[in-house]
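Remarks on the overall topology
Residue strings, one per chain:
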Amino acid sequence: MFRVGIITASDKGSAGQREDLSGPAIRRMVEETGEYQVARYVVLPDDREKLRDTMAAWCDQGLVDLILTTGGTGFAPRDCTPEATMDVCQKLVPGIPEAMRQMSLAITPRAMLSRAAAGIRERTLIVNLPGSPKAVEENLGFILPQLRHGLEILEEKASECARK
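Now for a description of the structure that goes with this document.

Conventions used here
- Residues numbered from 1 in each chain as written.
- Predicted model: local features only at pLDDT ≥ 70, side-chain atom pairs only at ≥ 80, totals over all residues.
- Heavy atoms only, no water.
- Helix = DSSP H or I, 4+ residues; strand = E, 2+ residues; numbered from the N terminus.
- Expected span 1.5 Å × (residues − 1).
- Buried < 20%, exposed > 50% of the residue type's maximum accessible area, 1.4 Å probe, protein only.
- Contact = heavy atoms within 4.5 Å.
- Pairing = 2+ DSSP bridges.
- Polar contact = N/O pair within 3.5 Å; in protein donor to acceptor, adjacent residues only side chain to side chain.
- Core = buried A, V, L, I, M, F, W, Y, C linked by side-chain atoms within 4.5 Å.

Take helix 3 (residues 48-60) next. For helix 3, spanning 13 residues, the distance from its first C-alpha to its last is 18 Å, which sits close to the expected 18 Å at 1.5 Å a residue. Taken together, the buried positions of helix 3 are occupied by Leu51, Thr54, Met55, Ala56, Trp58 and Cys59. Where helix 3 is buried, its residues contact strand 1 (2-9), strand 2 (36-44), strand 3 (66-70), helix 4 (81-88), strand 5 (118-121) and strand 6 (124-129). Downstream of helix 3 by a residue or two, Gly62 has a phi angle that is positive, lying close to 65°.

Now for the sheet that holds strand 6. Read from one edge to the other, the open sheet built from six strands follows the order 2-1-3-6-5-4, with strand pairing classed as mixed. Looking along the sheet, the strands with just one partner apiece sit at the ends: strand 2 and strand 4 (91-92). Strand direction decides the pairing type here: strand 5 and strand 6, joined by four bridges, are antiparallel. Bridge pairing links Ala118 to Val127 in strand 6.

Non-glycine residue Glu122 carries a positive phi angle of around 55°. Structurally, Glu122 is set in the loop between strand 5 and strand 6. Classification of Glu122 as partly exposed rests on a relative accessible area of 45%. Positive phi, close to 60°, is recorded for Glu156, a residue that is not glycine.

Turning to the environment of Lys157, a few remarks are in order. Along the chain, Lys157 turns up in the segment after helix 6 (133-154). For Lys157, a relative accessible area of 63% puts it in the exposed group. C-alpha separation for the pair Lys157 and Lys12, spaced 145 residues apart in sequence, amounts to 40 Å. Of the polar contacts made by the side chain of Lys157, one reaches the side chain of Glu155; its length is 2.9 Å.

With respect to the helices, strands and loops of the structure, Thr124 is situated in strand 6. Residue class for Thr124 comes out buried when judged on its relative accessible area of 2%. A polar atom in the side chain of Thr124 sits 2.8 Å from the backbone oxygen of Val64. Those residues in contact with Thr124, other than ones at most four positions away along the chain, are Cys59, Val64, Asp65, Leu66, Ile67, Gly119 and Leu154.

We now examine the environment of Phe142. Tracing the backbone through its elements, the reader meets Phe142 in helix 6. A relative accessible area of 41% means that Phe142 is categorised as partly exposed. Sequence separation between Phe142 and Glu152 is 10 residues; the distance between their C-alpha atoms is 18 Å. Beyond its immediate chain neighbours, meaning those up to four positions away, Phe142 contacts Ala99 and Met103.

Tyr36, Leu66, Leu68, Leu125, Val127 and Leu140 are the most contacted members of the largest nonpolar core, which has 26 residues in total. Secondary structure elements with two or more residues in this core: strand 1, helix 2 (22-32), strand 2, strand 3, helix 5 (95-105), strand 5, strand 6 and helix 6. Once residues within four sequence positions are removed from consideration, Leu68 is found in contact with Val4, Gly5, Ile6, Ile7, Ile26, Val30, Val127, Leu129 and Leu140. Leu44, Ala56, Cys59 and Ala84 belong to the second-largest nonpolar core, a separate cluster that totals 15 residues.

Here it is in structure tokens:
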């Protein structure tokens, strides 16, 4: 089982002024696969330092294999999740957010406004998801089947990417 950390970036959510619906949607989706177990879950304010420090700690302490963030990927002045993600990543994985944007463009032209990022720190994959539960379900549903292979490579349980 892969261990998952979920971070919701939301000023109102972290202050108890809004219920987080996207984090629980992520939890439900990953746990339904039977391949993932949620090991960490937190709602943080849109604060680059707090987001960065939490991601770095979870990765550096080997607490999770996959971090899925939700929120903070738009144009609002306090949105900073992609920047915090890029601060901690040692390798970027641009194909994941590119694929999510491409898939989402078939649903809404506003998908082009997503600033989501993805990358690797140590042996942990970090992926930014949108903030709405509907967009989380669409995007995570699209990428989740492929993430397993990437995680197996990170853990050196798989080495071949070529299709047979």
